[in-house]
Each structure stands twice: as structure tokens, then as C-alpha cells.
Amino acid sequence: MTETNEKAVIEKVVSELLKRGIEIDSKQTPNSLGGQKMNDFLSSTSTVPEFVGTREIGDTIGMVIPSVDPLILDKLHVTKKYPVLGILSARSGAGPHIMAMDEAVKQTNMEVVDIELPRDTKGGAGHGSLIIVGGDDPSDARQAIRVALDNLSRTFGDVYNSPAGHLELQFTARASGACHYAFNAPEGKAYGLICGAPSGIGIVMADTAVKTAGVNVLSIASPAHGTSFSNEGMVHISGESGAVRQAVMAGREVGLKLLTELGEKPVNDFPSYIK
Amino acid sequence: MTETNEKAVIEKVVSELLKRGIEIDSKQTPNSLGGQKMNDFLSSTSTVPEFVGTREIGDTIGMVIPSVDPLILDKLHVTKKYPVLGILSARSGAGPHIMAMDEAVKQTNMEVVDIELPRDTKGGAGHGSLIIVGGDDPSDARQAIRVALDNLSRTFGDVYNSPAGHLELQFTARASGACHYAFNAPEGKAYGLICGAPSGIGIVMADTAVKTAGVNVLSIASPAHGTSFSNEGMVHISGESGAVRQAVMAGREVGLKLLTELGEKPVNDFPSYIK
Amino acid sequence: MTETNEKAVIEKVVSELLKRGIEIDSKQTPNSLGGQKMNDFLSSTSTVPEFVGTREIGDTIGMVIPSVDPLILDKLHVTKKYPVLGILSARSGAGPHIMAMDEAVKQTNMEVVDIELPRDTKGGAGHGSLIIVGGDDPSDARQAIRVALDNLSRTFGDVYNSPAGHLELQFTARASGACHYAFNAPEGKAYGLICGAPSGIGIVMADTAVKTAGVNVLSIASPAHGTSFSNEGMVHISGESGAVRQAVMAGREVGLKLLTELGEKPVNDFPSYIK
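Remember, it's a predicted structure, so these values are computed and weren't measured experimentally.

Novice: For the overall build of chain A, give the residues involved together with the corresponding values.
Specialist: Within chain A one finds seven helices and eleven strands. Relative to its full complement of 275 residues, chain A shows a buried share of 65%. Of the contacts formed within chain A by residues at least 6 apart in sequence, a portion of 68% connects residues at least 24 apart. Here chain A displays about 9,000 Å² of accessible surface, and carbon together with sulfur accounts for 51% of that area.

Novice: Break down the side chain of Arg252 of chain C for me, with residues and values.
Specialist: All names here are of chain C. Here Arg252 shows up in helix α7 (residues 241–260). Since its relative accessible area comes to 12%, Arg252 is described here as buried. Apart from the residues within four sequence positions on either side, Arg252 is in contact with Asp158, Tyr160, Leu167, Leu169, Ser272 and Ile274.

Novice: Give a description of the sheet that holds strand β10 (residues 233–239) of chain C that names residues and reports values.
Specialist: Residue and element names in this part refer to chain C. Here we have six strands laid out as an open sheet, ordered β9-β10-β8-β7-β6-β11, and antiparallel in their pairing. Two strands bound the open sheet, and with one partner strand each, they are β9 (216–221) and β11 (267–268). Examined bridge by bridge, strand β8 (residues 190–197) and β10 share seven bridges and lie antiparallel to one another. Bridge pairing in β10 links Ala190 to Gly239. Contacting β6 (159–162), β7 (165–172), β8 and β10, α7 runs over the sheet at an angle of about 170 degrees to β7.

Novice: Can you break down the packing of aromatic side chains residue by residue, with the values?
Specialist: Taken as a whole, this structure holds six aromatic pairs over all chains when the rule is applied. Each ring, one from Phe183 of chain A and one from Tyr191 of chain A, has its centre 5.4 Å from the other, and the planes form 10 degrees; the classification is stacked. Pair check on accessibility: Phe183 of chain A and Tyr191 of chain A agree, each one buried. Among the aromatic side chains, those forming a connected cluster through ring pairs are Phe229 of chain A, Phe229 of chain B together with Phe229 of chain C. The side chain of Arg154 of chain B reaches across the aromatic face of Tyr273 of chain B, ending 5.2 Å from its centre.

Novice: Please provide a residue-by-residue account of helix α6 (residues 199–212) of chain B, values included.
Specialist: Residues three or four positions apart in an α-helix share a direction because the helix packs 3.6 residues into each turn. Residue and element names in this part refer to chain B. Compared with an ideal rise of 1.5 Å per residue, which puts 14 residues at 20 Å, α6 spans 20 Å between its outermost C-alpha atoms and is within 8% of the ideal. Of all 14 residues making up α6, twelve are buried, and the element is well covered by its neighbours. Ser199, Gly200, Ile201, Gly202, Ile203, Val204, Met205, Ala206, Asp207, Thr208, Ala209 and Val210 are the residues of α6 that are buried.

Novice: Would you mind going over the sheet that holds strand β2 (residues 60–65) of chain C in detail, with residue names and values included?
Specialist: All names here are of chain C. An order of β1-β2-β3-β5-β4 is seen for the five strands of this open sheet, with the pairing classed as antiparallel. Each edge of the open sheet carries a strand with a single partner, namely β1 (51–55) and β4 (111–116). The average angle at which neighbouring strand axes cross in this sheet is 15 degrees, direction not considered. Bridging between strand β3 (residues 84–90) and strand β5 (residues 129–135) involves seven bridges; their strand directions are antiparallel. Across the sheet, the residue bridging to Ser89 is Leu130, located in β5. Its contacts with the sheet put helix α3 (residues 95–107) on β2, β3, β4 and β5, and the angle it makes with β5 is roughly 10 degrees.

Novice: Got a sec to walk through the UniProt feature "domain: BMC circularly permuted" (unreviewed entry) in chain A? Specific residues and values, please.
Specialist: UniProt's entry tags residues 51–163 of chain A with the feature "domain: BMC circularly permuted" (unreviewed entry), counted in the numbering of this structure. Annotation note: span residues 51–163 of chain A, helix share 33%, strand share 31%, distance between end C-alpha atoms 33 Å.

Novice: Give a detailed account of the pattern of salt bridges, specifying residues and quantitative values.
Specialist: One pass over the full model with this rule turns up 27 salt bridges over all chains. When the shortest N-O distance is used, the salt bridge between Lys106 of chain B and Glu103 of chain B registers 3.6 Å. In this pair, Lys106 of chain B and Glu103 of chain B are both assigned in helix α3 (residues 95–107), three residues apart and thus about one turn of the helix distant. When its relative accessible area of 25% is taken as the criterion, Lys106 of chain B is described as partly exposed. A salt bridge links Glu111 of chain C to Lys80 of chain C, with the nearest nitrogen and oxygen atoms 3.4 Å apart. One end of the pair, Glu111 of chain C, is in strand β4; the other, Lys80 of chain C, is in the loop between α2 (70–75) and β3, with 31 residues separating them in the sequence. The class for Lys80 of chain C is partly exposed, based on a relative accessible area of 41%. Shared partners join several salt bridges into a network, and the residues in it are Arg91 and Asp120 of chain A together with Arg119 of chain B.

Novice: With reference to specific residues and values, describe the confidence of the model for chain A.
Specialist: Low pLDDT marks stretches whose predicted atomic positions should not be read closely. All names here are of chain A. On average, residues of chain A score 89 in pLDDT, and 83% of them are at 70 or above. Low pLDDT, under 50, characterises residues 19–44; the predicted model gives this stretch 72 contacts beyond four residues in sequence or across chains. For this predicted complex, the interface confidence reaches an ipTM of 0.85, while the overall pTM sits at 0.85.

Novice: Give a description of the state of the cysteines that names residues and reports values.
Specialist: Disulfides are covalent bonds that link the sulfur atoms of two cysteine residues. Residue and element names in this part refer to chain C. Summed over the entire model, instances satisfying the criterion amount to zero disulfides over all chains. No disulfide involves Cys179; its sulfur sits 14 Å from the nearest other cysteine sulfur, which is in Cys195. On the accessibility criterion, Cys195 (0% relative accessible area) is buried.

Novice: Could you give an account of the pairing of strand β5 (residues 129–135) of chain A, with specific residues and numbers?
Specialist: Residues and elements named next belong to chain A. Within β5, seven of the seven residues are buried, which leaves it mostly tucked inside the rest of the structure. Of the two faces of β5, the one holding Ser129, Ile131, Val133 and Gly135 and the one holding Leu130, Ile132 and Gly134 are both buried throughout. Two strands pair when backbone bridges link them, and strand β4 (residues 111–116) and β5 are joined in this way by five bridges, in the antiparallel orientation. Bridged to Asp114 within β5 is Ile132.

Novice: Give a description of the packing of α3 of chain C against helix α4 (residues 138–155) of chain C that names residues and reports values.
Specialist: Residues and elements named next belong to chain C. Here α3 crosses α4 at 135 degrees, and the two axes come no closer than 8 Å. Of the possible angle classes, the one that applies to α3 and α4 is oblique. The interaxial crossing formed by α3 with α4 has right-handed handedness. Residue-level contacts link Pro96, His97, Met99, Ala100, Met101, Glu103, Ala104 and Gln107 of α3 to Ala144, Ile145, Val147, Ala148, Asn151, Leu152, Arg154 and Thr155 of α4. Residue composition of the contact of α3 with α4, grouped by class: ten nonpolar, four polar and two charged.

Novice: Break down unusual backbone geometry for me, with residues and values.
Specialist: Outside of glycine, negative phi angles account for most residues, and trans bonds account for most peptide bonds. Of note, the bond from Ala197 of chain A into Pro198 of chain A is cis; its omega dihedral lies within 30 degrees of zero at 0 degrees. Looking at the secondary structure, you find Pro198 of chain A in the loop between β8 (190–197) and α6 (199–212). The backbone phi angle of Lys122 of chain C is positive, close to 55 degrees, even though this residue is not glycine. Relative to the elements of secondary structure, Lys122 of chain C occurs in the loop between β4 and β5. Judged by its relative accessible area of 16%, Lys122 of chain C falls in the buried class.

Rules used throughout
- Residues numbered from 1 in each chain as written.
- Chains lettered and ligands numbered in written order.
- Predicted model: local features only at pLDDT ≥ 70, side-chain atom pairs only at ≥ 80, totals over all residues.
- Heavy atoms only, no water.
- Helix = DSSP H or I, 4+ residues; strand = E, 2+ residues; numbered from the N terminus.
- Buried < 20%, exposed > 50% of the residue type's maximum accessible area, 1.4 Å probe, protein only.
- Contact = heavy atoms within 4.5 Å.
- Areas by Shrake-Rupley, 256 points an atom, 1.4 Å probe, with all protein chains shown as cover.
- Pairing = 2+ DSSP bridges.
- Axes fitted to C-alpha atoms, helices over the stretch in contact; angles between N-to-C directions.
- Phe/Tyr/Trp six-rings, centres within 6.5 Å; stacked < 30°, edge-to-face > 60°.
- Lys NZ or Arg CZ within 6 Å of the ring centre and 35° of its normal.
- Expected span 1.5 Å × (residues − 1).
- UniProt positions renumbered as here; feature names shortened; annotations may be inferred.
- Salt bridge = Lys/Arg side-chain N within 4 Å of Asp/Glu carboxyl O.
- pLDDT = per-residue confidence, 0-100.
- Disulfide = S-S within 2.5 Å.
- Parallel < 35°, antiparallel > 145°, perpendicular 65-115°, else oblique.
- Left-handed = near helix turned anticlockwise from the far one by under 90°.
- Nonpolar A, V, L, I, M, F, W, Y, C, P; charged D, E, K, R; others polar.

Structural data, given as C-alpha cells:
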């Protein structure tokens with residue numbers, strides 16, 4: 001069999017395997033936080049009026065209920081009962097979605113009324129998310145969900161995945177309602193999130209970050225505290241904008257080195273936004 | 001092509017595949033709720049007297065302890081201390097197993113004494129299950145476990161999986177002890193379960209379902225309420241049989257459309273039973 | 001090569017791959033507890049002073065913070081505030097890491113100040129772990145972490161994995177601080193852990209074990225009690241050394257038979273140490 005023949009056979013075998021469903025697996029849990037490429041596969045033939053859009057990253061879906069049923073509203077676990085609900089829901093990613101919604105509530109009149117963190121990520125070490133915003137105007141709700149979906153390619157920029165774990169860094173110069181709801185961040189002040197998985201890596205990142213710059217430590221989350229039993233260590237920090245950014249970057253540097261010790265260099269799916 | 005050539009080609013193909021990263025397991029998590037084909041691989045050579053049977057769907061195993069050790073019974077988390085225990089345990093599936101056991105307790109004198117929902121499904125978005133029934137007669141216990149195992153091919157009928165998530169619908173015209181224990185369903189009345197993952201889909205399904213027909217909303221479960229941090233939104237409903245069925249079917253319709261927006265049409269492993 | 005030949009080759013390759021599947025898969029998340037081969041891939045070029053070492057089994061990393069930041073120490077969830085922290089963190093494995101750390105605290109002056117169990121194992125049924133020890137001497141902390149890492153090849157010896165679940169057995173003739181912290185084991189006495197997944201298997205193992213020998217039942221853990229919603233049933237036992245060992249071995253025997261009923265014989269990655 002010639003070299004050319006071999007190549008042809010390999011190609012055929014691969015495509016045969018793909019046909020037999022092995023492609024599904026190769027998308028399954030490529031890394032710890034579900035590092036899939038951004039892709040808006042919104043179908044124009046959708047007949048569900050609640051549907052707003054999706055993003056492939058994190059298996060994210062955005063929806064709006066223009067007038068929620070009173071029986072449902074009564075049983076939903078929301079902090080305030082608005083007639084219009086916007087919903088952002090994902091299999092993988094909590095920080096990125098909360099930061100994206102933080103931007104969305106800044107730009108609209110919607111208010112965060114529920115953030116819940118399933119222990120998901122499709123076999124990874126972290127969380128998925130369910131975020132509900134409430135308001136009085138359906139078009140405002142749709143706008144909020146659209147803004148959140150569009151921000152995901154930014155807020156996933158400092159999520160780094162490897163087969164062994166992941167890192168997540170977030171930063172905003174001015175925290176709004178979503179960061180306040182989820183992380184108790186003081187609104188209007190700079191906020192930073194420094195997270196590593198497996199969780200011990202996040203603890204060392206936190207220590208390094210806080211030693212680097214003078215910031216306030218809001219809280220430390222770990223598998224049994226402030227998470228849904230995810231395998232993450234993280235610190236929530238607040239303070240002066242430059243100091244918070246500097247701390248976040250220092251945490252990222254040490255985290256990348258430590259996670260690399262577990263076998264492979266972690267990679268992000270979108271360009272880093274914290275610099 | 002000679003035998004030697006074939007071996008060489010196989011070796012090359014394997015290493016090519018490994019390079020391409022296809023080694024990620026084709027058996028692992030084909031879909032969100034572990035959609036495996038039904039197959040009773042009970043081994044007749046088993047020497048464990050407690051063993052009753054297995055089903056491949058959900059990696060389910062059924063067992064009976066004919067006379068439980070008093071020290072164990074004392075520490076088990078059961079609501080009533082019977083000497084005979086029937087155990088149904090699975091990696092994937094909670095609703096299907098609870099509905100199957102609901103049928104089993106109708107047909108026997110066993111009583112549900114424990115239902116616990118691990119956050120499992122082998123990387124999927126939902127639960128596994130541990131269900132314990134108690135009674136006084138070992139042969140009655142074995143019968144209950146057998147009935148439950150046999151009902152799984154029915155109760156998995158409206159579980160729909162896709163790579164991005166899953167839907168689950170359940171309906172009974174007359175709820176019994178398992179539905180009451182797990183979901184607080186009034187016994188003897190019609191009960192319905194409407195569930196979607198990622199969780200936001202389940203919230204929209206719930207809203208649509210309840211708007212469709214006049215039913216009682218027992219509760220809404222979401223990642224932080226009434227689940228074990230699964231990525232599911234679900235509503236438990238009760239009421240008149242026709243209305244409950246109609247609501248469940250309306251929830252299913254919108255759920256299928258929404259989950260399809262996340263890439264692939266969800267499929268069930270067994271024929272739908274709710275119609 | 002003719003078209004027919006190609007088809008034949010493809011068929012052979014596919015079946016060869018399927019045959020090799022388990023092997024190939026066993027590098028990814030082949031089984032329920034992440035059964036990877038032991039391999040110390042410590043990089044000598046690491047520039048993070050906190051880094052001590054890794055083990056491929058369980059994606060385990062060991063680190064030491066020689067002088068923890070006071071703001072971090074204040075927010076960490078530790079039972080006692082030492083300036084020096086040793087950290088053992090893993091994606092897969094809780095019992096093995098706790099038993100390994102039990103040995104480490106026997107050999108050093110470090111004290112267990114935190115054990116947290118994430119619901120992890122990369123899609124498997126069990127836990128990962130975060131274990132923090134505190135002390136006053138950084139070199140003592142490094143020694144503790146090194147001892148713990150080195151003990152993993154022993155304490156993973158009775159962890160048995162199959163595609164459907166896993167079993168874990170642990171035994172020590174003299175429990176120390178880590179077993180006491182995590183499982184409430186009386187220090188200085190023999191302690192045994194008998195665990196099976198899916199959880200129902202662990203309940204039957206527990207019953208068999210306790211019927212076999214006269215031991216004290218410390219507690220039973222199950223998906224909703226004493227675990228982080230893992231799909232495990234387990235019993236913690238204490239008492240006379242020979243009796244505890246005998247009970248553990250009896251639990252192992254029945255567990256192997258039951259888990260095998262779910263399709264494949266469970267295998268351990270390291271030699272069994274309980275005999």
C-alpha cells in the first residue's frame with residue numbers, strides 16, 4: 001500500500017468514525033469549562049416567541065417571557081416579582097455570564113432577580129448558570145438578553161482551560177447589579193474575580209493576588225463554601241481600579257503556571273480582555 | 001492488501017486518531033441523560049443473593065436486602081425502619097426511576113422510605129437516583145424492584161437528549177407513594193413533571209404548560225432549589241387528569257423547539273408514552 | 001487498494017478501535033474515579049515557589065504557602081489559623097487523598113485545618129478533594145505534602161473503576177487527624193471505609209461488611225447525607241483492627257460482584273493494599 005493510499009484510508013476511516021457518532025464525543029468535554037467556539041446558530045424558523053438567541057460557548061440560551069403566568073411567578077425563586085422576565089441559561093460558565101449580565105443591566109432598566117449556579121460544565125470542574133432579570137418592558141428585556149449574549153465573547157476571554165482544570169479571571173472598573181447580586185460586590189466600585197480549578201490552585205492564586213496590590217477581600221469561595229460543590233477556589237476582591245486589575249493579573253500569572261504543571265498549557269477560546 | 005499491511009494501517013490510523021484528539025471516549029457521555037439502549041444483562045452466575053437485576057438505561061441496578069443489619073438500619077436515612085429493603089439505584093435518571101417505583105408500590109405492599117438524588121448523569125445536566133422501599137416480605141420486595149426495572153422502558157419514553165441538554169416529561173393519572181415522597185404530589189390525583197436542561201428552558205416550558213391548562217402548581221425546582229444543583233428547571237403540577245396531560249404536552253412542544261436551538265434535535269431512547 | 005479492500009480495512013480498524021476503546025478511553029475519563037496511571041510530571045523549570053509536586057492519578061497537585069496573606073487567612077474556611085499552609089487538591093479522589101494525608105500528619109507536625117469535597121471526578125460518580133494542613137514550619141509543610149503525594153499509589157490501590165461506577169475501600173490500623181477530621185474516626189483506633197457507586201451498591205456492601213465482623217458503625221453516607229451529592233453509598237467503621245479489616249474485605253467482595261453486574265469488571269490502577 002502506498003503512502004498516498006494510506007492517507008486516503010486514514011481520511012476515510014476518520015470520516016467513517018465521524019459518521020458513526022465519534023464526532024459527538026470530540027465536542028463533549030474538550031476541557032474543563034466547555035471551551036467551544038462562539039457561534040450564533042439562531043434559527044430564523046423558530047416558532048417560540050420567547051426565544052432570543054444562543055451562543056455555542058457554554059451552550060448558552062437567552063429567552064424572554066413577556067408576561068409570566070402568575071402561578072409560575074408565585075413559585076419562582078426571585079427576589080422581586082416583575083411581569084417581564086429575561087432568562088440567560090448555560091451549561092458551562094457562571095462568572096462569564098454574570099459579568100455579561102452586569103453589562104446588560106447597566107444598559108437597560110432590567111433588574112437581576114435571581115442567579116443560581118448549577119454544578120455543571122459537562123464533566124468539568126465548575127458551574128453553569130441560570131440568571132433571571134425582571135422588568136416591565138418586553139423589548140427592554142430582549143435588549144438586555146441580547147447585550148448579555150454579545151458580551152460573552154469578551155467575558156470568556158480570560159477563561160483558560162486544560163484537560164486537568166481551568167482558570168477564570170474577571171474584572172470590571174464599575175460593578176453593577178449582577179456582580180452585587182452574585183458576589184456581594186459594592187456597586188459602582190471596581191471588582192475582580194480570581195478563580196482556579198482544581199480548587200487548591202485558586203487558593204494560591206488568591207494569596208498571590210492579594211499580596212500584589214492593596215485590595216479588599218470580599219470573600220473566598222471553595223468547594224464547600226460559596227460554590228455549588230464545584231472544584232474551584234476563588235477570591236472576590238474590590239477596591240481601587242488599578243489595584244484590582246493588578247491583583248487579577250498577578251493571580252492569572254501564577255495560576256497559568258500551576259495549572260500547566262498538571263500536564264498541558266491552559267488556553268482561552270477568546271482574546272484576553274484584562275490587560 | 002496483506003495481513004501485515006492491514007495491521008500497519010490500523011496502527012497508523014490509531015495513532016492518527018490519537019493525534020487528532022478523538023480518543024475522547026465514544027462511550028462516555030453520548031448525551032445529557034445517558035441515553036443508552038435498554039438491555040438486561042443479568043448474569044445467571046451471580047452469587048450475590050441481594051441482586052435482582054439491572055438495566056443498561058441509566059446504569060440501573062436493583063437489589064433486595066432480605067434482613068438488614070440493625071446497626072445499618074439505625075444509621076440509614078430512612079423515614080421508617082422496615083427489616084426488608086428494596087433498593088433501586090442509577091447513575092442517570094431520577095424522574096424515570098421515581099415514576100417506575102410509583103408503579104411498583106401500587107402493585108405491592110412496599111413503602112417508599114428514602115429517595116435521594118445524586119448530582120450525576122455521567123457529565124450530563126441532571127440527577128441519578130437512590131430509592132429505598134421498605135416492607136416485611138422479601139419476595140414482595142423483589143417483586144417491587146422487578147416491576148420498577150420493567151417500567152423504565154416506559155418512564156424513559158419522554159426523556160429527550162441532545163448534546164446540549166435534555167427534556168423530561170412525566171405523567172400519571174393517579175400518583176402514589178413515590179411521587180408523593182419525592183415531589184409532594186397528592187396521592188390518588190393526576191401528577192405531571194415538566195423539566196428542561198439547561199434550566200432556563202425548563203422555566204419557559206413551565207410557563208407555557210401552566211398557561212395551557214388549568215392545573216395546580218405544586219412547586220418549581222431550579223439549580224438552587226429542589227434539586228441537587230442539577231442544571232434543570234422544572235415544574236411539578238397536579239389536578240384534573242386531562243388538564244395535567246395537556247399541560248405536560250404543551251411543555252414538551254416548546255421544550256423540543258428551544259433545546260433544538262442549541263444545535264441538535266433532542267431524541268428519546270424509547271417510545272413516548274404521553275399522548 | 002480496491003474499494004472493497006478499503007471497506008474491509010475500515011471495518012477492521014473500527015472493530016480494532018472498539019476493542020482498544022476501553023484502553024484508549026481509560027486515558028480520558030475511562031471510569032468513574034478517573035483511573036489514570038501514576039506519573040510525576042513535575043517540571044524543574046517551574047518558577048512558582050509554592051509548587052511541590054503533582055500526580056497524574058486524580059489530577060492531583062500539592063502546594064505550600066510559606067506565609068499566607070493575613071487577609072486571605074481571615075477569609076479561608078479553616079478551623080485554626082496557622083501562618084504556613086500545605087494544600088493537596090485533586091479533581092478525582094477524596095478517600096485516597098484523606099488517607100494519604102492521614103499518613104502525612106502522622107509523620108510531621110502539620111495539622112488538618114480544612115477538608116472540602118467538591119462534586120467532581122470529571123463526570124464520574126464521586127468527589128475530588130481540597131485538603132489544607134496548617135503549621136509553623138514551611139519545610140515541615142513541604143514534607144507533609146510530599147508524603148501525601150507519595151502515599152497516593154498505595155491509597156488508590158483499592159479503588160476499582162468500571163464504566164458504570166466505582167468501589168473504594170480504605171483501611172488503617174491507627175486513624176490520625178485526617179480520618180478524624182473527615183470521617184469522625186476515633187484517633188488511634190482502626191478505621192475502615194467501604195464505598196460503592198452507584199450508591200445502592202454501597203448500601204449492600206455496608207450491610208454485608210457489618211454482618212461479617214463486629215465493628216462500630218460511625219455513619220452511613222449517601223447522596224443526600226455526608227456527601228456533596230455524589231452517587232456513592234458508604235459506611236465508616238471503627239473498632240478492633242482485625243475485625244475492621246475483615247469487614248472491609250467482605251464489603252469489597254460483594255461490591256465487585258454487584259458492580260460487575262452493570263457490565264464490566266471493575267479494575268484498580270495500583271495493587272490492592274488491603275489483605
